[in-house]
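Chain residues, written in single-letter form:
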Amino acid sequence: MSCCVFIRPQYKLVFICVLLFPLGEETARRRRMALMVERARRLGWILLKAVLRFSFMVINNLVAIPSYVLYLIVLQPVRLMDSDTFWYIEGVMFKWLLAMVSSWGWAAGYTVMEWGDDVRPISEDAAVVIANHQATGDVCTLMMCLQDKGTVVRKMMWLMDHVFKYTNFGLVSLIHGDFFIRQGKPHRDKQLILLKDHLDKYYHSRDRKWIVLFPEGGFLRKRRETSQSFSKKNNLPFLKHVTLPRMGATEVILKSLGPQQENGSLAAGDATRSASKSKGLQWVIDITIAYTKAKPMDIQTWILAYRSPTVTHVHYRIYPIKDVPVETEPLTNWLYQRFVEKEELLAHFYETGAFPPPEGQKEAVSKEMTLDPVWLFLIQSFAFASGYMWFNVLQYFYYVFF
């Protein structure tokens, strides 16, 4: 049985709209549901990946760091007989540990693009590295980009906030001879004295070359307002992407490790110095770290990888030590000027997506820093094999004595 309905021409449009409206609403509802499912699936994958990565890194630390410590305990007789060989071995293992940290970010697609001067030719020279400081990811970025710079990582010394002493990597840094500095005016004078003593005791005796520090004395987000207020009161440059540097640690390093002074500046190294000491500092390496869309990366992102793959940009500029003043006021002005230049570099980068070209060149050249996956695999394999070996050794002695 069929039924025919006659619709007058003037009502046809209204009838069609009534029929189509429920269909359009249903389609929209289905699309919203599909979008919610897709978002839930994506969030679930991010959470699962974060849990898996975190679990792996906990295990990685549990096998690598104790193995590093136990190897060095066993090698103490070598330290007494030939300290140079001991610290060479320690430096190699230290570099491997930093390579493991680098591999966590590299595996997540966090890569580094390098700009400016080529620092490889001076990788064997003594130098002080000054870098801007936006987040905890700055340290991981430097760990990665310095891996392919010869013996730099093996022979470097870090100056970092004292809170890092209580992290998983704190024990490694203590053994390696890094310096943990306590921030704040009440501690400043004492900390600088301790820093000088530390440099005198460990820098030459362990054959250190590059010293890495963050002269701003804290993260950008924490110090920017205070720095801008200080600049306004003292008629100093107003900075947004960096803060005015603090002088204390830089001045102590230059005076303690720099060559003999000439006319208020640091002279070139004296070849007649005793063989137990190097020529002294030969370069200041100014590193500027820039993040895509001005969004710094923290250590949590590096570990959990909840941010999409991204590129961090690192700009190098090299200054001969003879061009660096050592007296307080000229050094302050010189260091302030370096951070004004950093401000200009970062402003240009955030506006154009690239650092400006060097003077006399029309275009800036960049190069992607890469890590060898085979080398990273071998290092990780050695770490897990070492962890397994030491577990069995300790288990054996436990059964023997207990």
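Rules of the game
- Residues numbered from 1 in each chain as written.
- Predicted model: local features only at pLDDT ≥ 70, side-chain atom pairs only at ≥ 80, totals over all residues.
- Heavy atoms only, no water.
- Axes fitted to C-alpha atoms, helices over the stretch in contact; angles between N-to-C directions.
- Helix = DSSP H or I, 4+ residues; strand = E, 2+ residues; numbered from the N terminus.
- Left-handed = near helix turned anticlockwise from the far one by under 90°.
- Contact = heavy atoms within 4.5 Å.
- Nonpolar A, V, L, I, M, F, W, Y, C, P; charged D, E, K, R; others polar.
- Buried < 20%, exposed > 50% of the residue type's maximum accessible area, 1.4 Å probe, protein only.
- Salt bridge = Lys/Arg side-chain N within 4 Å of Asp/Glu carboxyl O.
- Phe/Tyr/Trp six-rings, centres within 6.5 Å; stacked < 30°, edge-to-face > 60°.
- Lys NZ or Arg CZ within 6 Å of the ring centre and 35° of its normal.
- UniProt positions renumbered as here; feature names shortened; annotations may be inferred.

1. Let's talk about the packing of helix α9 (residues 248–257) against helix α11 (residues 328–352)
- Orientation of α9 relative to α11, taken along the N-to-C sense of each, is 120°, at an axis distance of 11 Å. Note on packing geometry: the crossing formed by α9 with α11 is right-handed. Only Thr328, Leu331 and Leu335 of α11 make contact with α9, whose side of the interface consists of Thr250, Glu251, Leu254 and Lys255.
- Along the lines of polarity and charge, the residues of the contact of α9 with α11 split into 3 nonpolar, 2 polar and 2 charged.

2. Concerning helix α4 (residues 137–145)
- With 9 of its 9 residues buried, α4 lies for the most part within the structure.
- Burial in α4 covers these residues: Gly137, Asp138, Val139, Cys140, Thr141, Leu142, Met143, Met144 and Cys145.

3. Observations regarding the side chain of Ser103
- Turning to its location among the elements, Ser103 is positioned in helix α3 (residues 83–107).
- Excluding anything up to four places from it in sequence, Ser103 contacts Leu376 and Gln380.

4. Quick look at the pattern of salt bridges
- Tallied over the full model, the rule gives 15 salt bridges.
- One salt bridge in this structure joins Lys149 and Asp148, with 2.6 Å as the shortest N-O distance.
- Through salt bridges with shared partners, a single network forms among Glu114, Asp118, Arg120, Asp148, Lys149 and Lys367.

5. With respect to the packing of aromatic side chains
- Counted according to the given criterion, the structure contains 15 aromatic pairs.
- Centroid distance Tyr71 to Trp390: 5.4 Å. Interplanar angle 80°. Geometry classified as edge-to-face. Of this pair, Tyr71 sits in helix α1 (residues 12–74) while Trp390 sits in helix α12 (residues 373–401), placing them 319 residues apart in sequence. A single burial state applies to Tyr71 and to Trp390, both of which are buried.
- Between Phe349 and Phe355, the ring centres sit 5.1 Å apart and the planes meet at 35°, which makes this aromatic pair tilted.
- Here a set of aromatic residues connected by ring pairs shows up, and it is made of Tyr71, Trp96, Phe382 and Trp390.
- It is Lys342 that lies over the ring of Phe339; its NZ or CZ is 5.4 Å from the centre.

6. A word on the UniProt feature "transmembrane region" (unreviewed entry) in the protein chain
- Under the UniProt annotation, "transmembrane region" (unreviewed entry) lies at residues 52–74, 86–107 and 374–398.
- End-to-end, the C-alpha atoms of residues 52–74 are 33 Å apart, and along that stretch the chain is 100% helix and 0% strand.
- In residues 374–398, helix accounts for 100% and strand for 0%; the two terminal C-alpha atoms are 36 Å from one another.

7. What to know about the packing of helix α7 (residues 185–202) against α9
- Running from N to C, α7 and α9 point in directions that differ by 30°, and their axes come no closer than 10 Å. The hand of the α7/α9 crossing is right-handed. Contacts from Leu192, Leu195, Lys196 and Leu199 in α7 reach Gly248, Ala249, Val252, Ile253, Ser256 and Leu257 in α9.
- Residue composition of the contact of α7 with α9, by class: 7 nonpolar, 2 polar and 1 charged.

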